[in-house]
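# Breakdown of the fold
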Amino acid sequence: MNKNTIAVIGAGKWGQALHFALNKKQKCLITSRTKREIENFVDLETAMNCEYLVIAIPAQEIRAWLKQNFKFKGQKILVASKGIEANTGEFLNEIYSEFVPEKNIGFISGPSFAAEVIKGLPCALVINSNSKKIYKEFSVFFPNFIKTYYSADVIGAEIAGAYKNVLAIASGICEGLNLGKNAQASLIARGLVEMQRFGKHFGAKKSSFIGLSGAGDLFLTANSTMSRNFRVGLGLAQNKPLDVILEELGEVAEGVKTSVAIHSLSEQHSIYTPIANEVYKVLNGKSTQESLKDLLKN
Ligand SMILES: NC(=O)C1=CN([C@@H]2O[C@H](COP(=O)(O)OP(=O)(O)OC[C@H]3O[C@@H](n4cnc5c(N)ncnc54)[C@H](O)[C@@H]3O)[C@@H](O)[C@H]2O)C=CC1
Ligand SMILES: O=C(CO)COP(=O)(O)O
């Protein structure tokens, strides 16, 4: 393993933006499945030998990717994905725990559209880890336009980052149906309460939901057409079939699969999650008007 080296794995929108940011203060490598014309692009083996790895591949792909490619040699990992595995309902920290010891892993969260980070625009993010050492070591890599905070609430940050994608779909539907700003603010505020309730069940701290990882990322994503999840909602409001919406999008919208995970986890654990459940149902064919009626019922 090469000491003091860092690589980003996954050269999608977020991987490339993180690579841009992390390449400011020191050399940062990047790799992906297909070769890209990006500065410091390397093959997977070279990247894997770095001491620090930032992994930015979609949540649903992580388990298979780790099984196929990952060999733990003492690397420190920063997970940049936001989602919950649909077919198991497992959180990403649970999946990673089979491959990486807890003291070697952190999760990055907070409001961060890749398109703004790659322009060097300022933002504030949270590195969540059970080890403060991981925060300290990764935070020195970040450039001065990104302020980093520490939190030990891994599950809170994970749930907030994953849940807000589902709520952004709901907010996109609200916008697409022209329900007005009152409705949208109500939806977002109740969404925040809902994700907090869901999180509490799994041991998350309330403070994570009112900070950058929760409210910060939710307000960003649920209010902007820059969000892929929000755009999925806009498409659903126009009665476009989901496969057409996703084909047009051409990038990952994690909320689609995460809604499946939240739906099954909330049924299994009897957690009241009305907004996420309606998103799940609309994604499975329920009309948006019917869904609105059901959400307005007492
Ligand atoms: N784009 C953004 O603004 C932000 C995205 N994220 C999260 O980062 C994650 C990645 O998102 P984006 O980069 O934006 O998506 P993207 O759709 O732009 O790119 C996904 C990348 O993952 C790679 N990939 C897909 N399946 C793979 C597999 N089986 N093995 C290896 N690589 C695979 C693709 O080749 C592609 O490079 C998502 O969980 C997303 O929620 C988090 C914060 C901001
Ligand atoms: O997580 C994000 C911003 O923090 C990106 O959101 P989308 O995946 O909806 O574009």
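Since the structure is predicted, the reported quantities are computational estimates derived from the model, not experimental observations.

A tally of helices and strands in the chain yields 15 helices and 7 strands. Over its C-alpha trace the chain gives a radius of gyration of 19 Å, about what one expects of a compact globule, namely 19 Å for 298 residues. Its C-alpha atoms give the chain principal-axis dimensions of about 60 × 40 × 35 Å. Per-residue burial for the chain yields a buried fraction of 56% across its 298 residues. Pairs at least 24 apart in sequence give 65% of the contacts found in the chain among residues at least 6 apart. For the chain, the exposed area adds up to about 13,600 Å²; of that, 51% sits on carbon and sulfur atoms. Taking the 35 positively charged and 27 negatively charged side chains of the chain as two groups, their mean positions are separated by 6 Å.

Moving on, we come to the site of ligand 1. Close contacts around ligand 1 come from 21 residues, with Lys 13, Trp 14, Ala 114, Arg 228 and Glu 254 the closest. Within the side chain of Arg 228, a nitrogen or oxygen atom sits 2.9 Å from an oxygen atom of ligand 1. Take Val 252: an N or O atom from its main chain is 3.0 Å from an oxygen atom of ligand 1. In isolation ligand 1 offers 830 Å² of accessible surface; the protein chains occlude 86% of this area. In terms of residue class, the shell around ligand 1 is made up of 10 nonpolar, 3 polar and 8 charged. When residues of the shell around ligand 1 are sorted by domain, at least three fall in each of domain 1 (2-152) and domain 2 (156-296).

We now examine helix H13 (residues 255-268). In an α-helix, one full turn covers 3.6 residues, which means residues spaced three or four apart are oriented alike. Across its 14 residues, H13 extends 19 Å between first and last C-alpha, which sits within 8% of the 20 Å expected from 1.5 Å per residue. All of the buried residues along H13 are Gly 255, Val 256, Thr 258, Ser 259, Ala 261, Ile 262, His 263, Leu 265 and Ser 266. Here the buried face of H13 lies against helix H7 (154-176), helix H8 (181-201), helix H11 (228-237), helix H12 (242-249) and helix H14 (274-283). Following H13 by one or two positions, Ser 270 adopts a phi angle in the positive range, close to 50°.

So, on to the nonpolar core. In terms of nonpolar packing, the biggest core is built from 40 residues, with Tyr 163, Ile 169, Met 195, Phe 198, Val 232 and Leu 236 touching the most fellow members. Counting residues per element, the ones that place at least two in this core are H7, H8, helix H10 (212-221), H11, H12, H13 and H14. Looking at which element gives the most residues to this core, the answer is H7, with 11 residues. Those residues within four positions of Leu 236 in sequence are excluded, and the remaining contacts are Ile 169, Ile 173, Ile 245, Val 282, Leu 283 and Thr 288.

Bringing the site of ligand 2 into the picture now. As a matter of local geometry, ligand 2 sits amid 13 residues, with Lys 164, Asp 217, Ser 227, Arg 228 and Asn 229 nearest to it. A distance of 2.9 Å is found between an oxygen atom of ligand 2 and a side-chain nitrogen or oxygen belonging to Lys 82. Here an oxygen atom of ligand 2 sits 3.0 Å away from a polar atom, N or O, in the main chain of Ser 112. Contributing elements (two or more residues each) for the shell around ligand 2: H10 and H11. Among the elements that make up the shell around ligand 2, the one with the highest residue count is H10 (3 residues). Grouping the constituent residues of the shell around ligand 2 by class yields 4 nonpolar, 5 polar and 4 charged. Mapping the shell around ligand 2 onto the domain boundaries places at least three of its residues in each of domain 1 (2-152) and domain 2 (156-296).

Once that is clear, we can look at the domain arrangement of the chain. What the domain assignment lists for the chain is domain 1 (2-152) and domain 2 (156-296). Taking only C-alpha atoms into account, the centre of domain 1 sits 24 Å from that of domain 2. Counting residues at the interface gives 27 residues for domain 1, matched by 29 residues for domain 2. Across the interface of domain 1 and domain 2, roughly 2,100 Å² is buried in total on both sides, 68% from carbon and sulfur atoms. Considering only the surface of domain 1 that becomes buried against domain 2, Lys 82, Ile 84 and Phe 113 emerge as the three largest contributors, covering 32% of it. Linking domain 1 to domain 2 there are 2 salt bridges.

This part is about the side chain of Ser 112. In this fold, Ser 112 is placed in the loop between strand S5 (105-109) and helix H5 (114-117). Here Ser 112 falls in the buried class, since its relative accessible area comes to 11%. A polar side-chain atom of Ser 112 sits 3.1 Å from the main-chain carbonyl oxygen of Gly 110.

As a further point, take the UniProt feature "active site" (unreviewed entry) in the chain. Residues given the UniProt feature "active site" (unreviewed entry) here are Lys 164. Turning to its location among the elements, Lys 164 is positioned in helix H7. With residues near it in sequence (within four places) discarded, Lys 164 still touches Lys 82, Met 195, Asp 217, Leu 218 and Thr 221. Here the side chain of Lys 164 touches Asn 165 through a polar contact of 2.5 Å, side chain to side chain.

Rules used in this analysis
Residues numbered from 1 in each chain as written. Chains lettered and ligands numbered in written order. Predicted model: local features only at pLDDT ≥ 70, side-chain atom pairs only at ≥ 80, totals over all residues. Heavy atoms only, no water. Helix = DSSP H or I, 4+ residues; strand = E, 2+ residues; numbered from the N terminus. Rg over C-alpha atoms; globule rule 2.2 N^0.38 Å. Buried < 20%, exposed > 50% of the residue type's maximum accessible area, 1.4 Å probe, protein only. Contact = heavy atoms within 4.5 Å. Areas by Shrake-Rupley, 256 points an atom, 1.4 Å probe, with all protein chains shown as cover. Lys, Arg positive; Asp, Glu negative; His and termini not counted. Charge placed at Lys NZ, Arg CZ, Asp CG, Glu CD. Near = heavy atom within 4 Å. Polar contact = N/O pair within 3.5 Å; in protein donor to acceptor, adjacent residues only side chain to side chain. Nonpolar A, V, L, I, M, F, W, Y, C, P; charged D, E, K, R; others polar. Domains from an automatic or database assignment. Expected span 1.5 Å × (residues − 1). Core = buried A, V, L, I, M, F, W, Y, C linked by side-chain atoms within 4.5 Å. Buried area = accessible area lost by both parts, 1.4 Å probe. Salt bridge = Lys/Arg side-chain N within 4 Å of Asp/Glu carboxyl O. UniProt positions renumbered as here; feature names shortened; annotations may be inferred.

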